[in-house]
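Geometric and topological summary
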Amino acid sequence: MWAYESVFYQVYPLGFCGAPYENDGALEHRILKVMDWIPQMNKLGINAVYFSPVFESDTHGYNTRDYRKIDVRLGTNEDFKRVCAALHENGIRVVLDGVFNHVGRGFGAFQDVVRNRERSEYLDWFYRIALDGNSNYNDGLWYEGWEGNYDLVKLNLKNERVVEYLLDSVKQWIEEFDIDGLRLDVAYSLDEGFVRRLHDFTAALKPDFYLLGEMLHGDYNRLMNDEMLHSATNYECYKGLYSSFNSMNMFEIVHSLLRQFGSENWTLYKGRHLLSFVDNHDVTRVASILNNERHLPLIYAMMFGMPGIPCVYYGSEWGAKAKKEEGDMALRACFDKPEWNELSDYISRLSEAKKNSEALNYGGFRSVLLTNKQCIFERKSEHERVLVAVNADGEDFTAHFDAGCGRALDLISGAEHDFGGGSLMPAYSAAFWKCEV
């Protein structure tokens, strides 16, 4: 699967393009801005883009009005077709947000129910509608909104007409835009039968079509398996990454990685490829959550070195800041143009190391050395062995351990490393030591 050897870049188009929050109905060709950022993606070593919602919606994209039409605030279907073609020409795959659990109140079928009530042919398209109830929108009917949000009307994914409508929409996206995969919004809320149908349907249209599910808690294997999703968002390690640096306790993240990918029989996700991230459109940007800015490159090194598919959120590659408490729109900023600095350059080197390493793409996980402030872990595949070493301390550290080889090449810096007499780990440093197998 191509995704397992990729570095992703997440773009939240409505924010990225500076679109108004409310859908004002005015056509603007804002989505073409993505093409101006392709050189930035190339320089970063990106080979897959995940777009948050692009289809017509009421406000933030997750309250869909029309699954077949690019949001008017972003442009036209033809505009987005041009964007996808340009990305593909640059070797960058395209993954879209599949928002299938719920729709917006502006969705045509729901508006038909509001107008025609029991006479509407779409009454059974929605999950648990009660015509003798009411919502906070005072429609004279009650319906289930996702997690109590009545602007998000829950779809009935056990209704064959609904499923066929959604699958036909996905087929259009593949045929019109040549997309390469989907990230399923709130996958943990989706009907499992629908997810199986989607898996089989997309695999028949495009054998290497990638399905990623948004998962927060619990066992990701419920949906991430050979019959459903290829991957899930690794929220457990997202928290473990920044918390380990802020508390200077590397035991936390290594415990999670051993639990998920270690060699024991009880390991949860050995051989699986979860999506790794240090921030996204829903959480505080990593540069605003770390207590020590010197840890910023190191948290990326840890993310690229651990098992998974690394994903960089637009703007964070140069250290853009924003806090969740400032509101979602602060997290989903519009930048006039991309920036480039030492952090960006470092991430580009991590990208190349990751994409070109069999061990970093497919290797197992074994903890080699662990203290509160330092960790070394092994990623070993059939033909390659890489030791990922991180020193989060402000002082140099000499690690004494059996490296299993005398010399190694650091895939990040390109420098040779000698294990004789102990391994010097400079203050605030990371290395990917490639050893002979």
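Further up the page is the structure itself.
Let us look at the structure shown here. Because the structure is predicted, anything quoted here is derived from the model rather than measured. (Residues numbered from 1 in each chain as written. Predicted model: local features only at pLDDT ≥ 70, side-chain atom pairs only at ≥ 80, totals over all residues. Heavy atoms only, no water.)

1. A closer look at the overall build of the protein chain
Under the convention used in this document: Every helix listed is a DSSP run of H or I at least four residues long, and every strand listed is a run of E at least two residues long, numbered separately from the N terminus. Using C-alpha atoms as the atom set, the radius of gyration is obtained and then compared with a globule rule of 2.2 Å times the number of residues to the power 0.38. The buried label goes to any residue with under 20% of its type's maximum accessible area, the exposed label to any with over 50%, and the partly exposed label to all in between, with areas taken from a 1.4 Å probe on protein chains only. In what follows, a contact means two residues having at least one pair of non-hydrogen atoms within 4.5 Å. In this description, accessible areas are obtained by the Shrake-Rupley approach with a 1.4 Å probe, and a residue is regarded as covered only by the protein chains that are shown. Charged residues are defined here as Lys and Arg on the positive side and Asp and Glu on the negative side; His and the ends of the chain fall outside this count. Taken as the charge centre is NZ of Lys, CZ of Arg, CG of Asp or CD of Glu, depending on the residue.
For the protein chain, the count of helices and strands is 14 helices and 21 strands. Against the globule reference of 22 Å for 437 residues, the protein chain gives a C-alpha radius of gyration of 23 Å, in line with a compact fold. With the C-alpha coordinates of the protein chain rotated into their principal frame, the extents come out at 80 × 45 × 40 Å. Out of the 437 residues belonging to the protein chain, those deemed buried represent 59%. A fraction of 68% describes how many contacts in the protein chain between residues 6 or more apart in sequence connect residues 24 or more apart. Approximately 17100 Å² of the protein chain is accessible, and the part contributed by carbon and sulfur atoms is 46%. Positive and negative side-chain charges in the protein chain, numbering 45 and 65 respectively, have mean positions lying 1 Å apart.

2. Here we look at the packing of aromatic side chains
For clarity, the cut-off: Side-chain rings of Phe, Tyr and Trp (the six-membered ring for Trp) are treated as a pair once their centres are within 6.5 Å; stacked means planes under 30 degrees apart, edge-to-face means over 60, and tilted covers the remaining angles.
Throughout the structure, instances matching the rule amount to 33 aromatic pairs. Measuring from ring centre to ring centre gives 5.5 Å for Phe51 and Phe80, while their planes differ by 75 degrees; the resulting arrangement is edge-to-face. Of the two residues, Phe51 is situated in strand S2 (residues 48–51) and Phe80 in helix H4 (residues 77–89); the sequence distance between them amounts to 29 residues. You'll find Phe51 and Phe80 in the same group, each marked buried. Judged by centre distance (6.1 Å) and plane angle (10 degrees), the rings of Phe100 and Trp173 are stacked.

3. Let's talk about the layout of surface pockets
Applicable threshold: The distinction between a cavity and a pocket rests on a 1 Å grid over the protein atoms alone: a 1.4 Å probe fits inside a cavity but cannot get out, while a pocket stays open yet meets protein on both sides within 12 Å along at least five of seven lines, and a residue with an atom within 4 Å of a point counts as lining. Grid points are joined across faces, edges and corners, and a volume is the space filled by probe spheres set on the points. For this scheme, ten residues count as nonpolar: Ala, Val, Leu, Ile, Met, Phe, Trp, Tyr, Cys and Pro. Four count as charged, namely Asp, Glu, Lys and Arg, and the remainder, Gly too, count as polar.
Size it by volume and the largest pocket reaches roughly 520 Å³. Along its surface, the largest pocket is lined by 25 residues, and Trp146, Glu214, Asp282, Lys324 and Arg332 are the ones closest to its centre. Those elements giving two or more residues to the lining of the largest pocket turn out to be strand S8 (149–154), helix H8 (235–246) and helix H12 (328–331). Across the lining of the largest pocket, the residue classes tally to 11 nonpolar, 5 polar and 9 charged. Every residue lining the second largest pocket is counted, 14 residues in all, and those nearest its centre are Glu293, Pro297, Glu342, Leu343 and Tyr346. Every element with two or more residues in the lining of the second largest pocket is listed here: helix H11 (296–305), helix H13 (342–355) and strand S21 (429–435). Taken together, the residues of the lining of the second largest pocket break down into 8 nonpolar, 3 polar and 3 charged.

4. Section: the pattern of salt bridges
The condition is simple: Between Lys or Arg on one side and Asp or Glu on the other, a salt bridge is scored when a side-chain nitrogen of the former is within 4 Å of a carboxyl oxygen of the latter.
Per the stated rule, a full pass over the model turns up 33 salt bridges. Salt-bridge contacts for Lys206 lead to Asp180; the nearest nitrogen and oxygen are separated by 3.3 Å. With Lys206 in the loop between helix H7 (192–205) and strand S10 (210–213) and Asp180 in the loop between helix H6 (160–177) and strand S9 (181–184), this pair connects stretches of sequence that are 26 residues apart. Residue Lys206 is classed as buried on the basis of its relative accessible area of 13%. Assessed through its relative accessible area of 5%, Asp180 is described here as buried. Salt bridges here are not isolated pairs; linked through shared partners, they connect Arg93, Asp178, Asp180, Lys206 and Asp208.

5. What about empty space enclosed by the protein?
Summed over the entire model, instances satisfying the criterion amount to 3 cavities of 30 Å³ or more. Put simply, the largest cavity is a space of about 100 Å³. Looking at the largest cavity, it is lined by 13 residues, and the ones nearest its centre are Gln10, Tyr50, Thr233, Leu275 and Asn280. Residue lining of the second largest cavity: Pro53, Phe55, Gly61, Thr64, Tyr67, Asp97, Val99 and Trp173, and that is the complete set. Grouping the amino acids of the lining of the second largest cavity by side-chain chemistry returns 5 nonpolar, 2 polar and 1 charged.

6. Regarding the environment of Phe16
Structurally, Phe16 is set in helix H1 (residues 13–16). Along the chain, Phe16 and Arg379 lie 363 residues apart, while their C-alpha atoms are 35 Å from each other. Setting aside residues no more than four positions away along its own chain, Phe16 makes contact with Val11, Lys33, Val34, Trp37, Tyr314, Arg332, Ala333, Cys334 and Phe335.

7. Remarks on unusual backbone geometry
One non-glycine residue, Arg117, lies in positive phi territory at about 50 degrees. Here Arg117 lies in the loop between helix H5 (108–116) and strand S7 (145–146). The phi torsion at Val186 lies on the positive side, around 35 degrees, for a residue other than glycine. With respect to the secondary-structure elements, Val186 resides in the loop between S9 and H7.

8. Things to note about the environment of Tyr143
Spelled out, the test is: Here a polar contact is recorded for every N or O atom pair within 3.5 Å, except that within protein the pair must consist of a potential hydrogen donor and a potential acceptor, and residues adjacent in sequence are included only if both atoms are side-chain atoms.
Looking at where Tyr143 falls in the secondary structure, it is placed in the loop between H5 and S7. Side-chain polar atoms of Tyr143 contact the backbone oxygen of Tyr150, separated by 2.5 Å.

9. Comments concerning the sheet that holds S7
For the record, the criterion: If DSSP finds at least two bridges between two strands, the strands pair.
Pairing is antiparallel in the open sheet, where 3 strands are placed in the order S6-S8-S7. Strand pairing shows two members of the sheet lacking a second neighbour, strand S6 (102–104) and S7, which therefore form its edges. Pairing geometry for S6 and S8, over 3 bridges, is antiparallel. Following the sheet pairing, His102 is matched in S8 by Lys154.

Coordinates in, geometry out; function isn't part of it.
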